[in-house]
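Chain by chain, the residues:
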Amino acid sequence: MSVAYLNGEFQNLEQATVPVLDRGFLFGDGVYEVIPVYAGKPFRFSSHIKRLHKSLSAILMSFELSESEWLRICEELIAQNELDNASIYLQVTRGSYIDRHHDIPALDTPTVFAMISPLPPVKKDWQVADIKSYSVITEEDIRWQRCDIKAITLLANCMLKQKALESGADDTILVRNNEASEATSSNLFIVRDGVIITPPLSEHLLAGVTREFILALASRHEIPFEERAIPEHELELADEVWLTSSTKEIRPVIRVNGVTIGEGVAGPVWCRMYQYYQELKEQLYLGQISDEAAL
Ligand SMILES: Cc1ncc(COP(=O)(O)O)c(C=O)c1O
């Protein structure tokens, strides 16, 4: 039975409830975070909490819990659920008000929720064959203009992901003005002639914690990278395509719209980057370096 956190109390997940007047329920008025936990320690915790604070301020909520208060909640969830490798979901909505109206209330009465679910253990001696490769389609991005906010309103993302599943693919890369921005729940990278390329941060995509981490690793290991627009047609010409997120880490994409990418297997730059990623993660949770020192 999973233990969750709701408004100051730890309780059975299946019994945790919120009022129907909650603006998260009525308007999708809230934001969230997903934080991976490896060997019992939240990974890149500060970056996730900073982004949560940014999302809250972007939706005009003044509510803030300090990083140490969030950490206490997360550590308690990890301990009570006895999970070593997990993913923690945090959600803050604007809370319940007597009437349903569009005006944003002057005072926040937030609903604060957190739950945890298991992630498969990280293999030390991983093989390329252990890593799931993706096949993707591309679709017009039908989401709103503030995809930099990690908002709980994910209906468009779900519909776009469903299109991929219905066509036998795993995910959808989203395209706006002929430029590929990200996928339904991950950031996008391509590799051309040894150079890693990812779209620049903008209101059309989420500033992924994994994205930031990968660029820092590229810098540290002197792999050239560029933050620049990726025209949709360039995807199929790329030597490698990757999708990245906190729970997927770095996923090689081997088909885009049915066209095979590179040799149809995880490419050499992906292999290097994945190795660096796993090494740094290990150093972090062995306490050999701090979360902040890793970038
Ligand atoms: C739309 C979108 N883009 C990118 C990401 C990757 O972000 P992160 O690396 O912080 O998990 C996510 C993660 O959920 C996402 O939903």
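Under an unreviewed UniProt entry, the name given to the chain is Aminodeoxychorismate lyase, and the source organism is Kangiella geojedonensis. Listed in UniProt under the heading Catalytic activity (unreviewed entry), the comment for the chain reads: "4-amino-4-deoxychorismate = 4-aminobenzoate + pyruvate + H(+)".

1. With respect to the packing of helix α2 (residues 45–58) against helix α3 (residues 67–81)
The axes of two packed helices give the description: the angle between them and the distance between them. Where α2 meets α3, the closest approach of the two axes is 10 Å, and the angle between their N-to-C directions is 115°. Considering only the axes of α2 and α3, their crossing is right-handed. Facing α2, whose interface residues are Phe45, Ser46, Ile49, Leu52 and His53, α3 presents Glu67, Trp70, Leu71 and Cys74. Among the residues making up the contact of α2 with α3, the classes are represented as six nonpolar, two polar and one charged.

2. Focus on the site of the ligand
Surrounding the ligand, one finds 16 residues, the nearest of these being Arg51, Glu182, Val209, Thr210 and Ser246. The separation between a nitrogen atom of the ligand and a polar side-chain atom of Glu182 is 2.6 Å. Residue Thr210 places a side-chain N or O atom 2.6 Å away from an oxygen atom belonging to the ligand. Of all the secondary structure elements, the ones that give two or more residues to the shell around the ligand are β9 (179–183), α5 (209–220) and β14 (240–245).

3. Notes on the pairing of strand β1 (residues 3–6)
Judged by which residues are buried, β1 turns out to be covered on both faces: Val3 and Tyr5 on one side and Ala4 and Leu6 on the other are all buried. Pairing between β1 and strand β6 (residues 111–118): two bridges, direction antiparallel. Bridge assignment links Tyr5 to a residue of β6, and that residue is Ala114.

4. So, the environment of His102
Structurally, the position occupied by His102 is in the loop between β5 (86–93) and β6. Sequence spacing of His102 and Asp125 is 23 residues, and the spatial spacing of their C-alpha atoms is 53 Å. Leave out the neighbours within four places in its chain, and His102 touches Arg23 and Phe27.

5. Things to note about the sheet that holds strand β3 (residues 30–38)
What links the strands of a sheet is backbone hydrogen bonding, and the strands pair in either a parallel or an antiparallel sense. Taken together, the six strands give an open sheet; going across it, the order is β2-β1-β6-β5-β3-β4, and neighbouring strands pair in antiparallel fashion. Both outer strands of the open sheet, β2 (9–12) and β4 (41–42), are each paired with one neighbouring strand and no more. Contacting β3, β4 and β5, α2 crosses the sheet at an angle of about 175° to β3.

6. Side note on the nonpolar core
Membership of the largest hydrophobic core comes to 27 residues, with the highest contact counts inside it found for Leu56, Phe63, Trp70, Ile88, Leu90 and Ile116. The set of elements that each furnish at least two residues to this core consists of β3, α2, α3, β5 and β6. Ranked by residue count, the leading element in this core is α3, at five residues. With residues near it in sequence (within four places) discarded, Phe63 still touches Leu56, Trp70, Val92, Asp108, Pro110 and Val112.

7. Focus: the packing of aromatic side chains
One pass over the structure, following the stated rule, counts 11 aromatic pairs. Pairing Tyr32 with Tyr89 gives two aromatic rings, centres 5.5 Å apart and planes at 25°, and the pair type is stacked. In this pair, Tyr32 is assigned in strand β3 and Tyr89 in strand β5, connecting sequence segments 57 residues apart. Its relative accessible area of 11% is what places Tyr32 among the buried residues. Ring centres 4.8 Å apart and planes at 20° place the aromatic pair Trp270 and Tyr274 in the stacked group. Highlighted residues: Trp270 and Tyr274, both in helix α7 (residues 268–285), separated by four residues, approximately one helical turn. Relative accessible area serves as the criterion here: at 0%, Trp270 is assigned to the buried category. Overall, the relative accessible area of 8% leaves Tyr274 in the buried class. Of the aromatic side chains, those joined through ring pairs into one cluster are Tyr38, Phe43, Phe213 and Tyr277.

8. Considering the domain arrangement of the chain
Taken domain by domain, the chain holds domain 1 (3–118) and domain 2 (128–285). In this structure, domain 1 and domain 2 have C-alpha centres spaced 26 Å apart. Each partner contributes residues to the interface: domain 1 has 25 residues there, and domain 2 has 20 residues. Of the roughly 1,800 Å² buried where domain 1 meets domain 2, counting both sides, 68% is carbon and sulfur surface. Across the contact surface, domain 1 and domain 2 share zero salt bridges. Across the contact surface, domain 1 and domain 2 share six residue pairs in polar contact (both at pLDDT 80 or more). Counting only elements with at least two residues in the side of domain 1 that touches domain 2, the list comes to α1 (23–27), β3, α2 and β5. When residues in the side of domain 1 that touches domain 2 are grouped by element, the largest group, seven residues, is from β3. Residue composition of the side of domain 1 that touches domain 2, grouped by class: 11 nonpolar, nine polar and five charged.

Rules of the game
- Residues numbered from 1 in each chain as written.
- Predicted model: local features only at pLDDT ≥ 70, side-chain atom pairs only at ≥ 80, totals over all residues.
- Heavy atoms only, no water.
- UniProt positions renumbered as here; feature names shortened; annotations may be inferred.
- Axes fitted to C-alpha atoms, helices over the stretch in contact; angles between N-to-C directions.
- Helix = DSSP H or I, 4+ residues; strand = E, 2+ residues; numbered from the N terminus.
- Left-handed = near helix turned anticlockwise from the far one by under 90°.
- Contact = heavy atoms within 4.5 Å.
- Nonpolar A, V, L, I, M, F, W, Y, C, P; charged D, E, K, R; others polar.
- Near = heavy atom within 4 Å.
- Polar contact = N/O pair within 3.5 Å; in protein donor to acceptor, adjacent residues only side chain to side chain.
- Buried < 20%, exposed > 50% of the residue type's maximum accessible area, 1.4 Å probe, protein only.
- Pairing = 2+ DSSP bridges.
- Core = buried A, V, L, I, M, F, W, Y, C linked by side-chain atoms within 4.5 Å.
- Phe/Tyr/Trp six-rings, centres within 6.5 Å; stacked < 30°, edge-to-face > 60°.
- Domains from an automatic or database assignment.
- Buried area = accessible area lost by both parts, 1.4 Å probe.
- Salt bridge = Lys/Arg side-chain N within 4 Å of Asp/Glu carboxyl O.

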